[in-house]
Amino acid sequence: MAFRLSDEQRAIREAVRTFGEEEIRPVAREHDEQKKYPADLVKKAAELDFVAPSIPVEYGGAGMDVLSATIVTEELWRADPGIGSAIGSRGFGSNMIRKYGDEWMKEEWLTRIASGESACCSCISEPAHGSNVAGIETRAERDGDEYVIDGNKMWITNGTVADVAVVMTKTSPDEGHRGITAFLVPTDADGFETEKIDNKLGIRASDLAEVILDGVRVPEENVVGEVDEGFYQLMDFFASGRTSVAAQAVGTAQAALDAALDYADEREQFGQKIGEFQAIQHKLAEMATNVEAARSLAYRAASYVESGDDQMATQFASMAKLFASEHAVDVADEAIQVHGGAGFVTDHPVERYYRDARITKIYEGTSEIQKNIIADNLQ
Ligand SMILES: Cc1cc2nc3c(=O)[nH]c(=O)nc-3n(C[C@H](O)[C@H](O)[C@H](O)COP(=O)(O)OP(=O)(O)OC[C@H]3O[C@@H](n4cnc5c(N)ncnc54)[C@H](O)[C@@H]3O)c2cc1C
């Protein structure tokens, strides 16, 4: 299988890279230090179709194929993981609306997300239930032609900036994973409250919050898909979500490698460039090999997601996420080592890449959960 990008995919990569170098890179450190959400850059990125690139053309999106969207994510994170996350996650949760939502949901919300006007958030995790999605306790109880939602959602990307949320709830609490339903909830609904989480290790330009749902009422039309089918609907998107996280990790690792290469070519010790020491050359060789291996897995996962082969998509997405995230942290660590003391302070971006890379091992299923999935598929 040859991974030769089409002319269009190469053009997309070039366009995102130019945007990243000209608009994102110069302000990346400031956004990290000030934990500043990049609202102005989101707007510009939306004009270029880099926000939610997979939203179909009829709803104002770019209708990109999975590999093209993977490349957009990779390049946004290569420019800066924090700002890349803020831009790339604007449509988080909108996949559910795209595949299972009613037409009115798509017309009302996909158009606003694609234009950059609104962000979406995906409320799955709870304080007591992260890896074990089937255990969620947020309750949606029917009351006439409405549902009343009560519960807490934890670690919600875009929690304080989203206009709409896709909230996973229990509608049949005794049925485990067979009792979960997704609801579309406008975030200005009475009883929808958020508490910003701003003490993060990395991706500090990205928004994160706890969401409290206290008697939130939504009409029955706001069920996304089918009642009690939410778990299965959610499983549909884990392969694409994990492929996207693998792309985030590849972008971060590539940025760390780029920085290490530049520094190795500048810094001199013992009368020569440090890049001329074989010890440093070997580090760079290993870093580059791992970045390429991770990229190959991520692109292969993207091609399986596109093909609709669910079993292969699940397996390759987990492998790609596991490999790319673990190696992104290692590559960023080695990039710090190449910088010596200079890598330990914020004058150079590599300490930021190290902090930013760390999240890719945790969300959309931890590395341990990916290993469980991969092992199950081998049986
Ligand atoms: C920055 C950030 C953004 C996030 N964004 C979102 C979001 O937008 N929406 C959302 O719903 N969630 C989001 N999350 C939550 C994220 O998906 C969870 O943190 C993740 O799934 C892990 O859940 P947990 O934190 O509860 O850890 P736990 O599930 O408590 O896991 C703790 C440890 O136990 C291990 N473990 C658990 N179960 C097993 C098992 N069966 N086998 C082996 N090891 C196991 C885990 O691997 C981990 O090492 C985000 C998290 C962060 C930090």
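In this text, all values refer to a predicted model and were calculated from it rather than measured experimentally.

Some details on the domain arrangement of the protein
Point 1. Its domain assignment divides the protein into domain 1 (7–115), domain 2 (120–228) and domain 3 (237–378).
Point 2. For domain 2 and domain 3, the distance between their C-alpha centroids amounts to 31 Å.
Point 3. Taken together, the contact between domain 2 and domain 3 spans 5 residues of the former and 7 residues of the latter.
Point 4. Taken together, the two surfaces of domain 2 and domain 3 that pack against each other cover about 550 Å², and 70% of this comes from carbon and sulfur.
Point 5. Broken down residue by residue, the surface that domain 2 buries against domain 3 is led by Ser131, Leu201 and Ile203, which jointly contribute 69%.
Point 6. On the surface where domain 2 and domain 3 come into contact, there are 0 salt bridges.
Point 7. Grouping the constituent residues of the side of domain 2 that touches domain 3 by class yields 2 nonpolar, 2 polar and 1 charged.

A look at the nonpolar core
Point 1. Phe19, Ile24, Leu76, Ile87, Met96 and Met168 are the most contacted members of the largest nonpolar core, which totals 44 residues.
Point 2. The leading source of residues in this core is helix 6 (residues 103–114), at 5 residues.
Point 3. Not counting the four nearest positions on each side in its chain, Leu76 is found in contact with Val16, Phe19, Ile24, Phe50, Gly84, Ile87 and Gly88.
Point 4. Ala249, Ala256, Tyr299 and Ala335 belong to the second largest nonpolar core, which has 42 residues in total.

Some remarks on helix 3 (residues 66–79)
Point 1. Taking 1.5 Å per residue, 14 residues should reach 20 Å; helix 3 reaches 20 Å between its end C-alpha atoms and fits that length.
Point 2. In terms of burial, helix 3 is a largely internal element, 13 of the 14 residues being buried.
Point 3. One side-chain oxygen at the N-terminal end of helix 3 lies 3.2 Å from the backbone nitrogen of Leu67; it belongs to Asp65.

Remarks on the site of the ligand
Point 1. In the vicinity of the ligand, 18 residues are found, and the nearest of them are Ser125, Ser131, Trp155, Thr366 and Glu368.
Point 2. Measuring from a nitrogen atom of the ligand, one finds a backbone N or O atom of Trp155 at 2.9 Å.
Point 3. Residue Thr157 places a side-chain N or O atom 2.8 Å away from a nitrogen atom belonging to the ligand.
Point 4. When isolated, the ligand has an accessible area of 980 Å², and the protein chains bury 64% of it.
Point 5. Looking at the shell around the ligand, the elements that each hand over two or more residues are strand 3 (146–157) and helix 11 (367–378).
Point 6. Partitioning the shell around the ligand into residue classes produces 9 nonpolar, 7 polar and 2 charged.
Point 7. Taken domain by domain, the makeup of the shell around the ligand includes at least three residues from each of domain 2 (120–228) and domain 3 (237–378).

Some remarks on the environment of Arg13
Point 1. By secondary structure assignment, the location of Arg13 is in helix 1 (residues 7–34).
Point 2. Dropping the residues within four chain positions of it, Arg13 is found in contact with Leu5, Ile71, Glu74, Glu75 and Tyr299.

Thoughts on the side chain of Glu75
Point 1. Locating Glu75 in the fold gives a position in helix 3.
Point 2. Among the polar contacts listed, one links the side chain of Glu75 to the side chain of Arg13, at a separation of 2.7 Å.

Some words on the packing of helix 2 (residues 39–47) against helix 4 (residues 81–88)
Point 1. Close contact between helix 2 and helix 4 brings their axes to 9 Å; oriented N to C, the two are set at 60°. Compared by their axis directions, helix 2 and helix 4 come out oblique. Crossing geometry of helix 2 relative to helix 4 is assigned as right-handed. On the side of helix 2, the interface is formed by Leu41, Val42 and Ala45, while helix 4 contributes Ile83, Ala86 and Ile87.
Point 2. For the contact of helix 2 with helix 4, the per-class residue count stands at 6 nonpolar, no polar and no charged.

Thoughts on the pairing of strand 4 (residues 164–170)
Point 1. The element strand 4 is extensively covered by neighbouring structure, given that 7 of its 7 residues are classed as buried.
Point 2. With burial as the criterion, each face of strand 4 is covered, one bearing Val164, Val166, Met168 and Lys170 and the other bearing Ala165, Val167 and Thr169.
Point 3. As defined by bridge partners, strand 1 (residues 120–123) adjoins strand 4 across 4 bridges and the pair is classed as parallel. Across the sheet, residue Cys123 finds its bridge partner in strand 4, namely Val167.
Point 4. By the bridge criterion, 7 bridges tie strand 4 to strand 5 (residues 180–186) in an arrangement that is antiparallel. Of the residues in strand 5, the one forming a bridge with Met168 is Ala182.

Here's the deal with the side chain of Glu74
Point 1. Take Glu74: it is sitting in helix 3.
Point 2. Side-chain polar atoms of Glu74 contact the side chain of Arg13, separated by 3.3 Å.
Point 3. Here the side chain of Glu74 touches Arg295 through a polar contact of 2.9 Å, side chain to side chain.
Point 4. Look past the residues within four positions of Glu74 in its chain and what remains in contact with it is Arg13, Ala247, Val250, Gly251, Arg295 and Tyr299.

The rules we used
Residues numbered from 1 in each chain as written. Predicted model: local features only at pLDDT ≥ 70, side-chain atom pairs only at ≥ 80, totals over all residues. Heavy atoms only, no water. Domains from an automatic or database assignment. Contact = heavy atoms within 4.5 Å. Buried area = accessible area lost by both parts, 1.4 Å probe. Salt bridge = Lys/Arg side-chain N within 4 Å of Asp/Glu carboxyl O. Nonpolar A, V, L, I, M, F, W, Y, C, P; charged D, E, K, R; others polar. Core = buried A, V, L, I, M, F, W, Y, C linked by side-chain atoms within 4.5 Å. Buried < 20%, exposed > 50% of the residue type's maximum accessible area, 1.4 Å probe, protein only. Helix = DSSP H or I, 4+ residues; strand = E, 2+ residues; numbered from the N terminus. Expected span 1.5 Å × (residues − 1). Polar contact = N/O pair within 3.5 Å; in protein donor to acceptor, adjacent residues only side chain to side chain. Near = heavy atom within 4 Å. Areas by Shrake-Rupley, 256 points an atom, 1.4 Å probe, with all protein chains shown as cover. Axes fitted to C-alpha atoms, helices over the stretch in contact; angles between N-to-C directions. Parallel < 35°, antiparallel > 145°, perpendicular 65-115°, else oblique. Left-handed = near helix turned anticlockwise from the far one by under 90°. Pairing = 2+ DSSP bridges.

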